[in-house]
Amino acid sequence: MEHSVELRNVTKVFDDDTVAVDNVSFAIKPGEFFSLLGPSGCGKTTLLRMIAGFEKPSSGTVLLNGKDITDTPPYKRDVNMVFQSYALFPHMTVYNNIAYGLKMKHVPKPKIVEAVNDVLQKVKLTGLEKRRITQLSGGQQQRVALARALVNHPAVLLLDEPLGALDQKLREQMQIELVNLQEQVKITFVFVTHDQRESLTISDRIAVMNNGNVEQLGSPKEIYEFPATRFVADFIGTSNFLTGIYRGEENGLKRIVIPGAEVWVESPQEIETGEHVTVVIRPEKLSISKEPNDIELNSLQGVIEEIIYVGTDTRYFVRILANDMVLQVFAQNVLHTAKQRFTWFDQVYVSWDPGSTSLIKE
Ligand SMILES: Nc1ncnc2c1ncn2[C@@H]1O[C@H](COP(=O)(O)OP(=O)(O)OP(=O)(O)O)[C@@H](O)[C@H]1O
Ligand SMILES: [Mg+2]
């Protein structure tokens with residue numbers, strides 16, 4: 001099957017020698033909801049602009065539906081972009097904003113009316129077509145920007161942090177609507193965000209970027225459960241890191257010797273005995289108990305140093321006796337009485353299953 005968008009060894013060096021994108025290669029499938037996720041300045045917008053054609057790669061190739069478009073001007077690419085700032089015409093009506101591109105292309109009027117009405121319905125703006133942009137809420141403006149891009153039926157829709165200006169509740173609602181919309185229109189979406197939760201929620205696959213590089217590419221579950229690098233583990237969610245040395249396998253489990261203790265990891269990673277590794281453990285995979293935990297293979301003794309209540313769960317910071325490291329434990333607040341089982345300076349055991357960790361080579 002042909003790829004929708006493909007980047008081959010794409011690099012962008014700006015005039016001042018800033019390397020914004022550094023030898024990036026990946027392919028996006030037709031109809032995929034694909035996200036570029038990474039911190040500010042990592043090269044997301046630059047990458048998107050090279051797909052749109054607003055920026056030319058310093059080297060490398062951009063393909064659209066299997067065709068090399070590296071030198072094709074933006075207006076000849078079957079691609080549309082939704083900008084973070086929406087870039088709408090403030091004094092024009094909703095209808096005219098959406099119809100603008102089609103009018104420029106001299107599409108016959110009845111066709112325009114039909115196309116605009118269809119897309120208004122898809123983004124749930126029917127009835128507001130006569131309003132001016134200045135008379136709309138942020139969320140409504142965002143929908144107009146989407147409608148304006150969708151009305152052209154591009155093969156690929158590029159979205160640069162389109163939900164950035166919305167408050168949290170509306171943003172979460174729009175995330176679900178975007179996913180539903182994408183399923184309806186079956187257009188490939190390339191969605192830029194620096195919000196890790198957002199990208200986990202909406203994406204089929206995510207490319208995690210750092211310093212112009214793609215650090216990991218995978219499904220939300222792969223990225224969250226099996227981060228490939230320390231950067232990914234740290235940027236997406238919260239992680240505990242235990243660094244140690246691999247000392248061989250027993251009963252299908254890898255023995256990692258960390259300062260003052262040893263832990264067991266279930267991982268398919270190929271590593272050599274004696275290699276330095278980091279064990280990544282998500283705080284919600286850890287459990288905490290006053291008595292030693294006889295069920296779990298991994299159990300470390302410590303003292304509760306800090307407790308933070310965040311509504312859905314309680315976060316415990318436990319200092320491990322054997323090595324003075326602090327582990328974060330997220331415990332769901334199951335009881336609505338909010339009865340706290342633990343308090344400051346409690347001696348506790350922190351335990352976890354060898355299968356709920358992942359390994360990173362140092
Ligand atoms: N026209 C330009 N000239 C020089 N440097 C640039 C130019 N545009 C972007 N950069 C630099 O390239 C790097 C990547 O910028 P880019 O806008 O792609 O980041 P981003 O990941 O979209 O960040 P944000 O999340 O803040 O939008 C940054 O260091 C930025 O300063
Ligand atoms: Mg950007």
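What counts and what doesn't
- Residues numbered from 1 in each chain as written.
- Chains lettered and ligands numbered in written order.
- Predicted model: local features only at pLDDT ≥ 70, side-chain atom pairs only at ≥ 80, totals over all residues.
- Heavy atoms only, no water.
- Near = heavy atom within 4 Å.
- Polar contact = N/O pair within 3.5 Å; in protein donor to acceptor, adjacent residues only side chain to side chain.
- Areas by Shrake-Rupley, 256 points an atom, 1.4 Å probe, with all protein chains shown as cover.
- Helix = DSSP H or I, 4+ residues; strand = E, 2+ residues; numbered from the N terminus.
- Nonpolar A, V, L, I, M, F, W, Y, C, P; charged D, E, K, R; others polar.
- Core = buried A, V, L, I, M, F, W, Y, C linked by side-chain atoms within 4.5 Å.
- Buried < 20%, exposed > 50% of the residue type's maximum accessible area, 1.4 Å probe, protein only.
- Contact = heavy atoms within 4.5 Å.
- Pairing = 2+ DSSP bridges.
- Axes fitted to C-alpha atoms, helices over the stretch in contact; angles between N-to-C directions.
- Phe/Tyr/Trp six-rings, centres within 6.5 Å; stacked < 30°, edge-to-face > 60°.
- Lys NZ or Arg CZ within 6 Å of the ring centre and 35° of its normal.
- Domains from an automatic or database assignment.
- Buried area = accessible area lost by both parts, 1.4 Å probe.
- Salt bridge = Lys/Arg side-chain N within 4 Å of Asp/Glu carboxyl O.

### Quick notes on the site of ligand 1
Working step 1: Close to ligand 1 lie 13 residues, the nearest being Ser-40, Gly-41, Lys-44, Thr-45 and Thr-46.
Working step 2: Measuring from an oxygen atom of ligand 1, one finds a side-chain N or O atom of Lys-44 at 2.8 Å.
Working step 3: Thr-46 is positioned with one of its side-chain polar atoms (N or O) 2.5 Å from an oxygen atom of ligand 1.
Working step 4: Out of a free accessible area of 640 Å², ligand 1 has 61% covered by protein chains.
Working step 5: At 3 residues, helix α1 (residues 44-52) tops the list of elements feeding residues into the shell around ligand 1.
Working step 6: Within the shell around ligand 1, the residues separate by chemical class into 4 nonpolar, 6 polar and 3 charged.

### Some words on the nonpolar core
Working step 1: Of all hydrophobic cores here, the largest spans 37 residues; its most connected members are Ile-98, Leu-146 and Leu-157.
Working step 2: Those elements giving two or more residues to this core turn out to be α2 (94-104), α3 (109-122), α4 (138-150), β7 (156-160), α5 (168-185) and β8 (188-193).
Working step 3: Per element, the largest residue contribution to this core is 6 residues, and it comes from α4.
Working step 4: Discounting residues that sit within four places of it in the chain, Ile-98 has contacts with Val-116, Val-119, Leu-120, Val-144, Ala-147, Arg-148 and Val-151.

### Focus: the sheet that holds strand β10 (residues 213-218)
Working step 1: The 6 strands are arranged β6-β7-β8-β3-β9-β10 in an open sheet whose pairing can be described as mixed. In the strand order of this sheet, the two ends are held by β6 (79-82) and β10, each with one partner. Direction aside, neighbouring strands of the sheet carry axes that sit 20° apart on average.
Working step 2: Across 4 bridges, the pairing between strand β3 (residues 33-37) and strand β9 (residues 205-210) is parallel. Paired with Ser-35 across the bridge in β9 is Ile-206.
Working step 3: Against the sheet, α1 engages β3, β6, β7, β8 and β9, with an angle of about 155° to β7.

### Some points on the packing of aromatic side chains
Working step 1: For the structure on display, the rule yields 7 aromatic pairs.
Working step 2: Between Phe-26 and Phe-34, the ring centres sit 5.1 Å apart and the planes meet at 25°, which makes this aromatic pair stacked. For the pair shown, Phe-26 and Phe-34 are each scored as buried.
Working step 3: Both rings, one in Phe-89 and one in Tyr-100, keep their centres 4.8 Å apart while their planes meet at 55°; by these two values the pair is tilted. Of the two residues, Phe-89 is situated in the loop between β6 and α2 and Tyr-100 in helix α2; the sequence distance between them amounts to 11 residues.
Working step 4: An aromatic cluster is built from Phe-33, Phe-189 and Phe-191, whose rings are joined through pairwise contacts.
Working step 5: Looking at Arg-148, its charged tip hangs above the ring of Phe-89, at a distance of 5.8 Å from the centre.
Working step 6: Looking at Arg-282, its charged tip hangs above the ring of Tyr-224, at a distance of 4.0 Å from the centre.

### Remarks on the pairing of strand β20 (residues 357-361)
Working step 1: Burial analysis of β20 places 4 of its 5 residues in the buried class, the great majority of the element.
Working step 2: Bridge analysis of strand β14 (residues 276-281) against β20 gives 5 bridges, and the strand direction is antiparallel. Residue Val-279 lies in a different strand from β20, and its bridge partner there is Leu-359.

### Some remarks on the domain arrangement of the protein chain
Working step 1: Partitioning the protein chain into structural domains gives domain 1 (5-234) and domain 2 (238-361).
Working step 2: A straight line from the C-alpha centre of domain 1 to that of domain 2 covers 39 Å.
Working step 3: Counting from both sides, the interface comprises 10 residues of domain 1 and, opposite them, 11 residues of domain 2.
Working step 4: Here domain 1 packs against domain 2, burying approximately 880 Å² in sum over the two surfaces, 46% of which is carbon and sulfur.
Working step 5: For domain 1, the biggest contributors to the area lost against domain 2 are Tyr-224, Arg-230 and Ala-233; these three give 58% of the whole.
Working step 6: Note that Lys-285 is salt-bridged to Glu-225, the shortest N-O span being 3.2 Å.
Working step 7: Our enumeration of links across domain 1 and domain 2 arrives at 5 residue pairs in polar contact (both at pLDDT 80 or more).
Working step 8: For the side of domain 1 that touches domain 2, the elements supplying multiple residues, two or more each, are α7 (220-225) and α8 (230-235).
Working step 9: Counted by class, the side of domain 1 that touches domain 2 contains 6 nonpolar, 1 polar and 3 charged residues.

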